[in-house]
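Analysis of the macromolecular model
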Amino acid sequence: MSDIKKFMYVNRRAPYGTVYAWESLEVVLIGAAFDQQVSLAFLDDGVYQITKGQDTTQLGIKNFSPTFSALGDYGITNIFVEKESLEKRGLTVADLIPLKYEDENDNYAEKDSIKLVSASDLVKVLEEQDVLLNF
Amino acid sequence: MPIEVNGKTLETDEEGYLSNLTEWEPAVAGIMAKLDNCELTDSHWEVINFLREYYEEYQIAPAVRVLTKAIGKKLGPDKGNSKYLYELFPYGPGKQACKYAGLPKPTGCV
Amino acid sequence: MSTLHTVNKSPFEKNSLETCVRLASKGNAVLMYEDGVYGALKNTAVANLVKGAMSNLQFYVLGPDLKARGLDAAKVLDGIKVVNYNDFVKLSVENDKVQAWL
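First, a word on what this report is: a plain description of the structure on this page. (Residues numbered from 1 in each chain as written. Chains lettered and ligands numbered in written order. Predicted model: local features only at pLDDT ≥ 70, side-chain atom pairs only at ≥ 80, totals over all residues.)

**Points about the sheet that holds strand S3 (residues 79–82) of chain A**
Residues and elements named next belong to chain A. Rules: Should DSSP find at least two bridges between two strands, the strands are taken to pair. For the purposes of this entry, the term helix denotes a DSSP run of H or I that reaches at least four residues, the term strand denotes a run of E that reaches at least two, and both are numbered from the N terminus. A fitted line through C-alpha atoms represents every axis, and for helices the fit uses only the stretch in contact; the resulting angles, taken between N-to-C directions, go from 0 to 180 degrees. In this description, a residue-residue contact is defined by the distance between C-beta atoms placed from the backbone, which must lie within 7 Å.
Taken together, five strands build an open sheet; the order of strands is S6-S3-S2-S1-S7 and the sheet is parallel. The outermost strands of the open sheet, each flanked by one partner alone, are strand S6 (114–117) and strand S7 (131–134). Taken over all neighbouring pairs, the strand axes of this sheet differ in orientation by 25° on average, direction set aside. Its contacts with the sheet put helix H1 (residues 20–31) on strand S1 (6–11) and strand S2 (37–42), and the angle it makes with S1 is roughly 165°. Docked against the sheet, helix H3 (residues 119–128) engages S1, S2, S3, S6 and S7, running at close to 140° with respect to S3.

Here you go:
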């Protein structure tokens, strides 16, 4: 069966001000049950979703940032982060949660899921997708 | 339908999942299992404890496929398969074990 | 693979148009509708952004959304095509995928 399509979830909103970020993650987790090739992109304020050190205890709402670390188990191994969006916000990769996956084809070696890409590289990645889902 | 655990009344949703996840204690699992006519063994507890640790780390109940794979990695291939897990939890390892562990229903589980 | 990009937010409220222009490939189509139509107008702070992208991208703006806002083709930047709902559907079908910038 060559029904496998490339799905990309494009995340452009900060995590707690609106419900976009959490909804996106829920759809990603549900969608992972279907055998498709899924990747995520974080750009604009979306990069704030995967920053380290989030603590929502005083808000009384769920901190879902640890859930991104489970995505490797769900077969999602490509998480694209736009360099320009990080730079504009004074962030570097070191400010992001180090998302990893275990490569089954390489003796379960732990590898980085995060791919830092420039806008011009992201253009190419977007172009390769079959379906783009925006949040 | 609330359940009585050690003199406390705990709220559950229409499918029997705890409404407030922080109210969970080990006795909850036993009482829920009894309602399903199920007796919890050490093997059940291995899975329940695994799920609680998974939730603590990732804040989600894993999908069955993910659970099966992760159990296999942690407890060995003889346990990391759906036959073994369905024998322990005939209503579905995702649904039933998560319920006993005080977790929400796995995301995407219907 | 051809892509139709849609932008339905005002460029003065959200950066959707800016990000769209940054990340659309050469030859792609961009349709502005709903509050996105404000990005198609002359003499705005984003007019240069749009004009600068016209060599790479074909811009369209949805007529009914212009009309609803008291705007018309005369106020739209030269090079942007004013289209109707049928054209919108046609554009969606003609392209391989749609990137709906929110």
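Additional details are given in the paragraphs that follow.
**A few points about the interface of chain C and chain A**
Under the convention used in this document: Charged residues are taken to be Asp, Glu, Lys and Arg, nonpolar residues to be Ala, Val, Leu, Ile, Met, Phe, Trp, Tyr, Cys and Pro, and polar residues to be all remaining types, Gly included.
Listed as interface residues are eleven residues of chain C and, on the opposing side, 13 residues of chain A. It is strand S5 (residues 97–101) of chain C that contributes the most residues to the side of chain C that touches chain A, four residues altogether. In the side of chain C that touches chain A, the residues fall into five nonpolar, four polar and two charged.

**Some thoughts on the interface of chain A and chain B**
Between chain A and chain B, the contact holds 14 residues from the first and eleven residues from the second. Here the residues of the side of chain A that touches chain B sort into eight nonpolar, three polar and three charged.

**Let's talk about unusual backbone geometry**
Non-glycine residue Tyr-108 of chain A carries a positive phi angle of around 55°. Residue position: Tyr-108 of chain A is located in the loop between strand S4 (100–103) and strand S5 (109–112). Even without a glycine there, the phi angle at Asn-37 of chain B is positive, about 55°. Note that Asn-37 of chain B resides in the loop between helix H1 (26–35) and helix H2 (42–58).

**A short note on the environment of Leu-91 of chain C**
Residues and elements named next belong to chain C. Inspection of the secondary structure assignment puts Leu-91 in helix H4 (residues 85–94). Linking Leu-91 and Ala-68, residues 23 residues apart in sequence, is a C-alpha distance of 22 Å. Contact partners of Leu-91, with chain neighbours within four places excluded, come to Leu-4, Ala-29, Leu-31 and Tyr-60.

**Some points on the arrangement of the chains**
Ranked by contact count, the leading pair among the two pairs of chains in contact consists of chains A and B. Spatially, chain B is disjoint from chain C: no contact exists, and the shortest C-alpha separation is 25 Å.

**Some thoughts on helix H5 (residues 93–100) of chain B**
All names here are of chain B. Counted only if it meets this: Exposed residues have 12 or fewer other C-beta atoms within 10 Å of their own C-beta, buried residues have 20 or more, and partly exposed residues fall in between, where C-beta atoms are placed from the backbone.
In terms of residue burial, H5 counts as a mostly covered element, since seven of its eight residues are buried. Of the positions making up H5, those classed as buried are Pro-93, Gly-94, Gln-96, Ala-97, Cys-98, Lys-99 and Tyr-100. In this fold, the buried residues of H5 make contact with H1, H2, helix H3 (64–75) and helix H4 (82–88). Following H5 by one or two positions, Gly-102 has its phi on the positive side, about 80°.

**Considerations on H1 of chain A**
Residues and elements named next belong to chain A. Our working definition: A helix is expected to span 1.5 Å multiplied by its residue count minus one. Read the arc as the range of directions from the helix axis to the C-beta atoms.
End to end, H1 covers 16 Å across twelve residues, agreeing with the expected 16 Å (1.5 Å per residue, within 8%). Looking at H1, one finds that the buried residues are Ala-21, Ser-24, Leu-25, Val-28 and Leu-29. One face of H1 carries all of its buried residues, which in axial projection span an arc of 135°. Considering only its buried residues, H1 is in contact with S1 and S2.

**Some details on the sheet that holds S5 of chain C**
Residues and elements named next belong to chain C. Strand order in this open sheet of five strands is S4-S3-S2-S1-S5, and the pairing throughout is parallel. The sheet terminates laterally at strand S4 (81–83) and S5, the two strands that pair on one side only. Within this sheet the neighbouring strands show an average axis-to-axis angle of 25°, counted without direction. The pairing of strand S2 (residues 29–32) with strand S3 (residues 58–62) spans four bridges and is parallel. Its bridge partner lying in S3, Met-32 is registered against Val-61. The sheet strands contacting H4 are strand S1 (3–7), S2, S3, S4 and S5, and the helix crosses S2 at an angle near 145°.

**Observations regarding the environment of Asp-130 of chain A**
Within the element layout of this structure, Asp-130 of chain A appears in the loop between H3 and S7. Under the C-beta neighbour-count criterion, Asp-130 of chain A is labelled partly exposed, with 14 such atoms within 10 Å. A sequence separation of 103 residues divides Asp-130 of chain A from Val-27 of chain A, and the C-alpha atoms of the two residues are 17 Å apart. Leaving out residues up to four positions away in the same chain, Asp-130 of chain A has contacts with Lys-5 and Lys-6 of chain A together with Lys-97 of chain C.

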